[in-house]
Amino acid sequence: MNYLILVNKENKLDKDYIPDNLVKITTKTGGNKTIYLNKLVYKKIRKLLKHMNKLFSTEIVIDSGYRPYTYQNMLLNDLIKEKGNDAYKSIALPGTSEHQTGFAVDIGFYKNGLYDEYFKIEEYLDEFKWLNDNAYKYGFIIRYPKDKENVTGYIYEPWHLRYVGKISKFIYENNLTLEEYLEMFN
């Protein structure tokens, strides 16, 4: 399993690409939607969220996982209708989304018993700081870190985790993006 597959604006997946070892999970974000994730990624994110949910009063859940090419296309079209060309700053084109790998996870929040669909980063600074400082212990990195927009091509997304396995610690300790790490060793 290649957990280091690089998917971004320059490294596209074929529209027919479907990862192996997907498992179906149910999450209660916005009304019990079904999500798929790589089996190992699901196991690791469950451990991470279990730990987080012991520390914070806000319930933290899986919001998004695997997205097929066609679903990413639908999301993009919906966001373009809402935000126009600004949509391209915050969502990947079909074939360029890490979610298509099954290794990317977005987290979401329940605040006062309600799903916080349009949360603001400022409202969850403690949770995002904890994620930034601890996600690597579970094999994850913050895929689109702050002040690395020029490298990743995307705005800061502290809720977007990417499973990379054991190299997560090296990436964290050296303040790297996946692009920077792969460039160092290729």
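Quick notes on the rules
Residues numbered from 1 in each chain as written. Predicted model: local features only at pLDDT ≥ 70, side-chain atom pairs only at ≥ 80, totals over all residues. Heavy atoms only, no water. Helix = DSSP H or I, 4+ residues; strand = E, 2+ residues; numbered from the N terminus. Rg over C-alpha atoms; globule rule 2.2 N^0.38 Å. Buried < 20%, exposed > 50% of the residue type's maximum accessible area, 1.4 Å probe, protein only. Contact = heavy atoms within 4.5 Å. Areas by Shrake-Rupley, 256 points an atom, 1.4 Å probe, with all protein chains shown as cover. Lys, Arg positive; Asp, Glu negative; His and termini not counted. Charge placed at Lys NZ, Arg CZ, Asp CG, Glu CD. Core = buried A, V, L, I, M, F, W, Y, C linked by side-chain atoms within 4.5 Å. Expected span 1.5 Å × (residues − 1). Arc of directions from axis to C-beta. Axes fitted to C-alpha atoms, helices over the stretch in contact; angles between N-to-C directions. Parallel < 35°, antiparallel > 145°, perpendicular 65-115°, else oblique. Left-handed = near helix turned anticlockwise from the far one by under 90°. Nonpolar A, V, L, I, M, F, W, Y, C, P; charged D, E, K, R; others polar. Phe/Tyr/Trp six-rings, centres within 6.5 Å; stacked < 30°, edge-to-face > 60°. Lys NZ or Arg CZ within 6 Å of the ring centre and 35° of its normal.

Novice: What's the story with the overall build of the chain in this structure? I'm lost.
Specialist: Helix and strand content of the chain: six helices and seven strands. Here the C-alpha atoms of the chain give a radius of gyration of 16 Å, agreeing with the 16 Å that 2.2 N^0.38 yields for 186 residues. If you line up the chain on its principal axes, its C-alpha atoms span 45 × 40 × 35 Å. Across the 186 residues in the chain, those meeting the buried criterion constitute 47%. Long-range pairs, those at least 24 residues apart, make up 66% of the contacts in the chain between residues at least 6 apart in sequence. As displayed, the chain has an accessible area near 10300 Å², and 48% of this comes from carbon and sulfur atoms. Looking at the chain, you have 27 positive and 25 negative side-chain charges, and the mean spots of the two groups are 7 Å apart.

Novice: Help me out: how do you make sense of the nonpolar core in this one?
Specialist: Nonpolar side chains in soluble globular proteins tend to be buried together. Counting 30 residues, the largest nonpolar core has Ile-45, Leu-48, Leu-131 and Phe-140 as its most contacted members. The element best represented in this core is helix α1 (residues 39-55), accounting for five residues. Sequence-distant contacts of Phe-140, defined by excluding residues within four places in its chain, comprise Val-41, Lys-44, Ile-45, Leu-48, Val-105, Ala-135, Leu-161, Arg-162, Tyr-163 and Ser-168.

Novice: Just checking my understanding: could you explain α1 for this structure?
Specialist: For α1, built from 17 residues, the straight-helix expectation of 24 Å at 1.5 Å per residue is met to within 8% by its first-to-last C-alpha distance of 25 Å. By the burial criterion, the buried members of α1 are Val-41, Ile-45, Leu-48, Leu-49 and Met-52. Angularly, the buried residues of α1 cover 100 degrees about the axis, an arc narrow enough to put them on a single face. The exposed set on the far side of α1, more than 90 degrees from its buried face, consists of Lys-39, Lys-50 and Lys-54.

Novice: Quick question: what am I supposed to make of the packing of α1 against helix α3 (residues 125-134) here?
Specialist: For any two helices packed against each other, the geometry comes down to the angle between their axes and how far apart the axes lie. α3 packs onto α1 with a crossing angle of 140 degrees between their chain directions and a minimal axis gap of 11 Å. Between α1 and α3, the angle is such that the two are oblique. You can see that α1 and α3 cross each other, and the crossing is right-handed. On α3, the residues touching Leu-48, His-51, Met-52 and Leu-55 of α1 are Glu-127, Trp-130 and Leu-131. Per-class residue counts for the contact of α1 with α3 are five nonpolar, one polar and one charged.

Novice: Help me out: how do you make sense of the packing of aromatic side chains in this one?
Specialist: For any two aromatic rings, the description comes down to two numbers: the centre-to-centre distance and the angle of the planes. Scanning the entire structure with this criterion turns up 15 aromatic pairs. Look at Tyr-144 and Tyr-154: their rings are 5.1 Å apart centre to centre, the planes differ by 55 degrees, and that puts the pair in the tilted class. Remark: Tyr-154 occurs in the loop between α4 (149-152) and β7 (157-163) and Tyr-144 occurs in strand β6 (residues 140-144); sequence separation between them is 10 residues. Comparing Tyr-144 with Tyr-154, the two get one shared label, buried. Judged by centre distance (4.9 Å) and plane angle (45 degrees), the rings of Tyr-181 and Phe-185 are tilted. Note on Tyr-181: relative accessible area 11%, which makes it buried. A network of ring pairs unites the aromatic residues Phe-109, Phe-119, Tyr-124, Phe-128 and Trp-159 as a single cluster. When the ring centre of Tyr-154 is taken as origin, the NZ or CZ atom of Lys-9, which lies over that ring, is 4.6 Å away.

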